[in-house]
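# Coordinate inspection notes
One letter stands for each residue in the lines below.
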Amino acid sequence: MIEMQDVWKTYKNGTHALRGINIQVDRNEFVYVVGPSGAGKSTFMKLIYREERLSKGHIFVSGFNIEKLKNRKIPYFRRNIGVIFQDYRLLPKLTVYENVAFAMEVIEAPAKHIKKRTMEVLDLVKLKDKASSLPSQLSGGEQQRVAIARAIVNNPSVIVADEPTGNLDPETSWGIMKLLEEINFRGTTIIMATHNKDIVNGMRKRVVAIENGLIVRDQQRGEYGYED
Ligand code: ADP
């Protein structure tokens, strides 16, 4: 599903954020990416959804060799990937329904399909009754559930989640994790960067630790392994 071969990322200012990453993630895996601040976790995630370009090496995601992707193919590639952020990144002037439907409109899905599918994912994240609310009228956990609905609405094969529980209290975080686990169970590969020790130790999955731009640990049913 995802393969990186000797992947390097050097930013324009000369910072080597990744220094030779090799990893393979199979279909339907759930992977936590852990490590200290500045280790390269966000860069690793950004390369997967092609927010940043790699400097050296190869990345394959869902069968796409993403450094070779032509600009006109990028929308096809992006619909295969759902992205979730710590700060939700909803469009503030659009309703819950519109925020989710918009992700289907941009890929020019048929109108009647949009309505049905949007309500289906809002039902999955238990927010059907908030469909006409604005993001500012929702709690943080509810906003993150809208972001999850938006991330899955186009049926991506991979979800990339960068600190999805970073702004949430423990109980709400567990609700988000149960939802991600359910989505993974239904067949979506999930890569999640996190500093949440309780979640990593409490919901055991594969753990990949990055330090100084390198993978220093890769364990099935691993532990968080840091004190913070
Ligand atoms: P993490 O997510 O683990 O905190 P990052 O991937 O954000 O790590 O950062 C890895 C390294 O790359 C850090 O030294 C950071 O300062 C640097 N970095 C991140 N983004 C940029 C950028 N756009 N330009 C220059 N350096 C960057």
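Please refer to the structure placed before this passage.
Residues numbered from 1 in each chain as written. Predicted model: local features only at pLDDT ≥ 70, side-chain atom pairs only at ≥ 80, totals over all residues. Heavy atoms only, no water.

Along the backbone of the protein chain there are seven helices and ten strands. Relative to its length of 228 residues, the protein chain is compact, with a C-alpha radius of gyration of 17 Å against a globular reference of 17 Å. Viewed in the frame of its principal axes, the protein chain has a C-alpha envelope of about 45 × 40 × 35 Å. The 228 residues of the protein chain split such that 50% are buried. Counted over contacts in the protein chain with a minimum sequence separation of 6, partners at least 24 positions apart contribute 68%. (Helix = DSSP H or I, 4+ residues; strand = E, 2+ residues; numbered from the N terminus. Rg over C-alpha atoms; globule rule 2.2 N^0.38 Å. Buried < 20%, exposed > 50% of the residue type's maximum accessible area, 1.4 Å probe, protein only. Contact = heavy atoms within 4.5 Å.)

What follows deals with the site of the ligand. Around the ligand lies a shell formed by Y11, N13, T15, A17, P36, S37, G38, A39, G40, K41, S42 and T43. G38 is positioned such that a nitrogen or oxygen atom in its backbone is 2.7 Å from an oxygen atom of the ligand. Side-chain polar atom of K41 to an oxygen atom of the ligand: 2.8 Å apart, as the coordinates give it. When the free accessible area of the ligand is taken as 560 Å², the share hidden by the protein chains comes to 63%. In terms of residue class, the shell around the ligand is made up of four nonpolar, seven polar and one charged. (Near = heavy atom within 4 Å. Polar contact = N/O pair within 3.5 Å; in protein donor to acceptor, adjacent residues only side chain to side chain. Areas by Shrake-Rupley, 256 points an atom, 1.4 Å probe, with all protein chains shown as cover. Nonpolar A, V, L, I, M, F, W, Y, C, P; charged D, E, K, R; others polar.)

Taking 1.5 Å per residue as the helical rise, helix α6 (residues 170-185) with its 16 residues ought to reach 22 Å, and the 22 Å between its terminal C-alpha atoms agrees with that figure. Of all the positions in α6, only S173, I176, M177, L179, L180, I183 and N184 are classed as buried. The buried residues of α6 occupy one face: seen down the axis, they fall within an arc of 160 degrees. Seen from the open side of α6, the exposed residues pointing more than 90 degrees away from its buried face are E171, K178 and F185. Where α6 begins, the side chain of D169 points an oxygen toward the backbone nitrogen of E171, at a separation of 3.2 Å. Once α6 finishes, G187 follows within two positions and takes phi at roughly 120 degrees, a positive value. (Expected span 1.5 Å × (residues − 1). Arc of directions from axis to C-beta.)

Time to look at the sheet that holds strand β10 (residues 214-219). Strand order in the open sheet formed by six strands is β6-β7-β8-β3-β9-β10, with mixed pairing between adjacent strands. At either end of the open sheet lies a strand with only one pairing partner, and these are β6 (81-85) and β10. Direction aside, neighbouring strands of the sheet carry axes that sit 15 degrees apart on average. Relative to strand β9 (residues 206-211), strand β3 (residues 30-34) runs parallel, the two sharing four bridges. Within β9, the residue paired with V31 across the bridge is R206. Against the sheet, helix α5 (residues 140-152) contacts β6 and β7 (158-162), and its axis sits at roughly 165 degrees relative to β6. (Pairing = 2+ DSSP bridges. Axes fitted to C-alpha atoms, helices over the stretch in contact; angles between N-to-C directions.)

The next point concerns helix α4 (residues 111-124). In this model α4 runs 20 Å from its N-terminal to its C-terminal C-alpha over 14 residues, within 8% of the 20 Å that 1.5 Å per residue would give. Within the span of α4, buried status applies to I114, R117, T118, V121, L122 and L124. One side of α4 carries all its buried residues, which in axial view fall inside an arc of 150 degrees. With respect to the buried face of α4, the exposed residues turned more than 90 degrees away are K112, K115 and K116. Close packing links the buried residues of α4 with α3 (96-105), α5 and α6. K126 lies just past α4 and shows a positive phi near 60 degrees.

For sheets, the rule is that strands pair by backbone hydrogen bonds, running either parallel or antiparallel. In space, the four strands of this open sheet follow the order β2-β1-β4-β5, with antiparallel pairing throughout. At either margin of the open sheet sits one strand with a lone partner, and together these are β2 (16-25) and β5 (64-65). In terms of strand pairing, strand β1 (residues 2-10) meets strand β4 (residues 56-61) through five bridges, oriented antiparallel. Along β4, the bridge assignment pairs I2 with V61.

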